[in-house]
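Residues per chain, in single letters:
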Amino acid sequence: MLGFVISFIFALVAILVLQQDWVQIGINTPSSAVPPARLITAHELSLYIGDENSRGLYLAILGQVFDVEKGKKHYGPGGGYHCFAGKDASLAFVTGDFTDAGLNDDVSGLSPAQVVALYDWLAFYHKDYWPVGRLVGRFYSQSGEPTEVLLKVEAVLEEGKRLHDQVQAENQQLPPCNSEWSGDRKGRVWCSNKSGGVQRDWVGVPRKLFSRGSGQTRCVCVQNSSRVENANIREYEGCPPHAESCPITE
Ligand code: HEM
């Protein structure tokens, strides 16, 4: 009987804690990005830089705070990435600018693809380190709610994922060619059943694809040359229509 009462109390407490989390973060927050409810100020975070006087070793990314003590060789004093300790330097994860000016959390100027890359870092910290809370500031309000800024970044993330999926789908249809170049701007392009990272059961023939707008060309493998109905695709000059490899002399 006592065992049952204790289990019941544990279950009740667990439900209450989880419910509090759900209410605070909202259902639209991506599940990979759900930080614990503990609120941490920028000043408090700055005390976690891993030196002998500090309380531990933390860093933040997109307002989510992680305990990175087990990565002390990277983030501790003297480590190559100590600049990330005790702060949110989200921008520098994408730009690689580790100067004082570059180490900040203003990601409003990032492209959708860069925001996807930033969220890859966030996923990395969720996988390898321990999440400890939310940094009150740009991405989380005083009550721990996602700010307008975070919601905007999440919208850019969705756009980035959409563009990424679109490129993937295009690459399946028209995979990039293999290519090799010699010093004098000569080379060759060719198709195989794995080119441009796309594994397939056909080889195809190299064709020039003119991109809309920029006027630039890139080589794509076309599955059946007789059925190409794309005005932006041309044959390579001096290359037989059914050849799997074409010399380039530009
Ligand atoms: C945008 C630029 C870059 C960022 C933001 C970045 C960030 C990081 C971070 C945060 C870690 C630690 C990962 C962990 O916790 O395990 C790391 C590790 C590492 N980075 Fe970078 N990095 C960048 C560029 C580079 C470049 C250009 C190189 C190579 C020339 C490099 C080489 C390494 C190596 C070798 C490690 C692992 C070190 C070890 O395990 O001892 N990084 N990087």
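Residues numbered from 1 in each chain as written. Predicted model: local features only at pLDDT ≥ 70, side-chain atom pairs only at ≥ 80, totals over all residues. Heavy atoms only, no water.

A. Structural detail: the overall build of the protein chain. On a plain count of helices and strands, the protein chain comes out with six helices and 12 strands. Evaluated residue by residue, the protein chain yields a buried proportion of 37% over its 250 residues. At a minimum sequence separation of 6, the contacts of the protein chain that also span at least 24 residues come to 55%. Summed over all atoms, the accessible surface of the protein chain reaches about 15,000 Å², with 56% contributed by carbon and sulfur. (Helix = DSSP H or I, 4+ residues; strand = E, 2+ residues; numbered from the N terminus. Buried < 20%, exposed > 50% of the residue type's maximum accessible area, 1.4 Å probe, protein only. Contact = heavy atoms within 4.5 Å. Areas by Shrake-Rupley, 256 points an atom, 1.4 Å probe, with all protein chains shown as cover.)

B. How the structure looks around the coordination of the iron atom of the ligand. Protein coordination of the iron atom of the ligand is limited to a single donor, Tyr81 (OH), which sits 2.0 Å from the metal. Tracing the backbone through its elements, the reader meets tyrosine 81 in the loop between helix H3 (72-75) and helix H4 (90-95). (Donors = N, O, S within 2.8 Å, 3.2 Å for Na, K, Ca; no water.)

C. Seen up close, the site of the ligand. Near the ligand, the surroundings consist of Lys73, His74, Tyr75, Tyr81, Ala92, Phe93, Gly96, Phe98, Trp121, Phe124, Tyr125 and Tyr129. At a separation of 3.4 Å, an oxygen atom of the ligand approaches a polar side-chain atom of histidine 74. Interatomic distance of 2.5 Å between a side-chain N/O atom of tyrosine 75 and an oxygen atom of the ligand. When contributions to the shell around the ligand are tallied by element, the ones reaching two or more residues are H3, H4 and helix H5 (112-128). (Near = heavy atom within 4 Å. Polar contact = N/O pair within 3.5 Å; in protein donor to acceptor, adjacent residues only side chain to side chain.)

D. A look at the nonpolar core. The biggest cluster of nonpolar side chains holds 28 residues, and the ones touching the most others in it are Ile61, Leu62, Val68, Tyr75, Phe84, Tyr119 and Tyr125. Of all elements in the fold, only strand S2 (58-61), H4, H5 and helix H6 (148-173) reach the threshold of two or more residues within this core. Per-element accounting of this core gives the leading share, five residues, to H5. Filtering out sequence-adjacent residues up to four positions away, valine 68 remains in contact with Leu57, Tyr58, Leu59, Tyr75, Tyr125 and Tyr129. Among the nonpolar cores identified, the runner-up in size contains 11 residues, and Val189, Trp202, Cys219 and Tyr236 belong to it. (Core = buried A, V, L, I, M, F, W, Y, C linked by side-chain atoms within 4.5 Å.)

E. Here's a closer look at the packing of aromatic side chains. Evaluation of the coordinates by the stated rule reveals 15 aromatic pairs. Ring plane angle 80° and centroid distance 5.0 Å describe the contact between phenylalanine 124 and tyrosine 125, whose orientation is recorded as edge-to-face. By relative accessible area, which is 27% here, phenylalanine 124 ends up partly exposed. A relative accessible area of 1% means that tyrosine 125 is categorised as buried. Grouping aromatic residues by their ring pairs yields a cluster made of Phe66, Tyr75, Tyr81, Phe84, Phe93, Phe98, Trp121, Phe124, Tyr125 and Tyr129. (Phe/Tyr/Trp six-rings, centres within 6.5 Å; stacked < 30°, edge-to-face > 60°.)

F. A look at the environment of valine 34. Of note, valine 34 is situated in the loop between helix H1 (2-25) and strand S1 (39-40). For valine 34 and histidine 126, which are 92 residues apart along the polypeptide, the C-alpha to C-alpha distance reads 9.4 Å.

G. Representation of the pairing of strand S6 (residues 186-190). Along S6, the buried face is formed by Gly187 and Val189; none of Lys186, Arg188 and Trp190, which line the opposite face, is buried. Pairing geometry for strand S5 (residues 178-181) and S6, over four bridges, is antiparallel. If you follow asparagine 178 over to S6, its bridge partner there is tryptophan 190. Hairpin remark: S5 followed by S6, antiparallel, with four residues in the connecting loop; positive phi at arginine 185, about 60°. The pairing of S6 with strand S12 (residues 245-249) spans five bridges and is antiparallel. Opposite tryptophan 190, over in S12, you have serine 245 as the bridge partner. (Pairing = 2+ DSSP bridges.)

H. Representation of the sheet that holds strand S3 (residues 64-67) in the model. Across the sheet, four strands lie side by side as S1-S4-S3-S2; this open sheet has mixed pairing. Looking along the sheet, the strands with just one partner apiece sit at the ends: S1 and S2. As judged from the two bridges shared by S1 and strand S4 (residues 130-135), these two strands associate in the parallel manner. Its bridge partner being in S4, leucine 39 is matched across the sheet by arginine 134.

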